[in-house]
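Spelled out, the chains give:
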Amino acid sequence: MSTSSLPPSPIPLLTSVALYRQWRQRAFDEGKSVGFVPTMGALHDGHLSLVQRSLAENELTVLSVFVNPAQFAPHEDLATYPRTLPGDLELLTAQQVTVGDAVRKASAVFLPSVQDMYPSGISQDVSAQKGAFVEMKGYGHQMEGASRPTFFRGVATVVTKLFNAVQPTNAYFGQKDIQQALLLRRLCKDLLFAHPEADHVHIVPTTRDPNDGLALSSRNAYLSANERKFAPALYKALKHAESAWSNSESKDRCIAKAVAVIDEVKAQAAIDGVDVRLDYIEMNDSETFDVLNVSSNHQLVGDIPVILSGALWVGKTRLIDNIVVGDLNRIIR
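Residues numbered from 1 in each chain as written. Predicted model: local features only at pLDDT ≥ 70, side-chain atom pairs only at ≥ 80, totals over all residues. Heavy atoms only, no water.

## A look at the sheet that holds strand 8 (residues 201-204)
Strand order across the open sheet formed by six strands is 1-6-3-2-7-8, with parallel pairing between neighbours. Of all strands in the sheet, those bounded by a partner on one side alone are strand 1 (13-14) and strand 8. With three bridges connecting them, strand 3 (residues 60-65) and strand 6 (residues 108-110) associate as parallel partners. Residue V62 lies in a different strand from strand 6, and its bridge partner there is A108. Packing of helix 6 (residues 151-166) onto the sheet brings it into contact with strand 2 (34-39), strand 3, strand 6 and strand 7 (170-174), and relative to strand 2 it is tilted by some 150°. (Pairing = 2+ DSSP bridges. Helix = DSSP H or I, 4+ residues; strand = E, 2+ residues; numbered from the N terminus. Contact = heavy atoms within 4.5 Å. Axes fitted to C-alpha atoms, helices over the stretch in contact; angles between N-to-C directions.)

Structure below.
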């Protein structure tokens, strides 16, 4: 992105790795902590909650905006993914937190180019890609990975690059993308990252619409007004399954209750001409991501939380959501 095409901003806009590293070196020299919120832009209140957390916990806060080609399959929405940088900067500029006598605001926005992030070039077709990529063996094929088989390879690769460039003290991710966040925490542990260390990869609770509980997402912008009415169905279904699980009903019964909610909404949506399709609802081990292999919560051993998650198509928009069942504090911190 050329500097001439950038919108005006009181926050420094760093458009290359070289420029960012100059900024980061000053922070190292001054001994200041740096919080990092990686995004693909199209900011909403969920992103801003991560910014607020970072401002409260770090002397400096950096937000990146980079739409990563490597995590989009060839048939997915890379070209149409919302790009709203002027509005994003307005939202970010308005964020502040008072810590003691200091008012903290965002310190920099990192806007790397595709060429900077992928010096060898990048294709959405994995078979045509060249260069270094990161794969999390054994953790990327379950849950979301079953529906999007190249997604976590792209996520692990770009976040490794971002962490190497940004070198944050702390990094912040949202619970809505729970598998992604937990995978990245493991990435930092397995690859011995110092910036950030695994314990400094923080997962922040999902921000929801206060009226109907829909998880905030940049892709919600794709929903028409008619489709938006049916979007909360996934969260409603997950809540039904959570309630049944807490009442010691079997796993199969819990999921069946969730599916029944979706089926009911699907029938209602069809009357309005809206196509609602369930991708999956499942319960998975939060450490291995494997499908939970017990029939009820009485059979759980230890206090490892369970991830109850799902994906739902509303029209052409794919929505995801999850609820953590069990000791939430082991994950959300």
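## Structural notes on the pairing of strand 11 (residues 317-325)
Judged by how many residues are buried, strand 11 sits mostly within the fold: nine of nine residues are covered. Burial along strand 11 is two-sided: T317, L319, D321, I323 and V325 and R318, I320, N322 and V324, pointing in opposite directions, are all buried. Pairing analysis gives nine bridges linking strand 10 (residues 306-314) to strand 11, with the strands arranged antiparallel. Of the residues in strand 11, the one forming a bridge with A311 is I320. What sits between strand 10 and strand 11 in their antiparallel hairpin is a turn of two residues, with G315 showing a positive phi close to 65°. (Buried < 20%, exposed > 50% of the residue type's maximum accessible area, 1.4 Å probe, protein only.)

## Considerations on unusual backbone geometry
The omega torsion across H195 and P196 is 0°, close enough to zero to call that bond cis. Tracing the backbone shows P196 in the loop between helix 7 (178-190) and strand 8. For A42, which is not glycine, the phi dihedral falls at a positive 50°. Mapped onto the fold, A42 is located in the loop between strand 2 and helix 2 (45-57).

## A word on the pattern of salt bridges
For the structure shown, the criterion picks out 18 salt bridges. The salt bridge partner of E57 is R53, with a shortest N-O separation of 2.5 Å. Here E57 pairs with R53, and both are found in helix 2, just four residues apart, close to one helical turn. Accessibility expressed as a relative area gives 37% for E57, which makes it partly exposed. Take R53: its relative accessible area is 23%, and that puts it in the partly exposed class. The closest approach of N and O atoms between R219 and D77, which form a salt bridge, is 3.1 Å. (Salt bridge = Lys/Arg side-chain N within 4 Å of Asp/Glu carboxyl O.)

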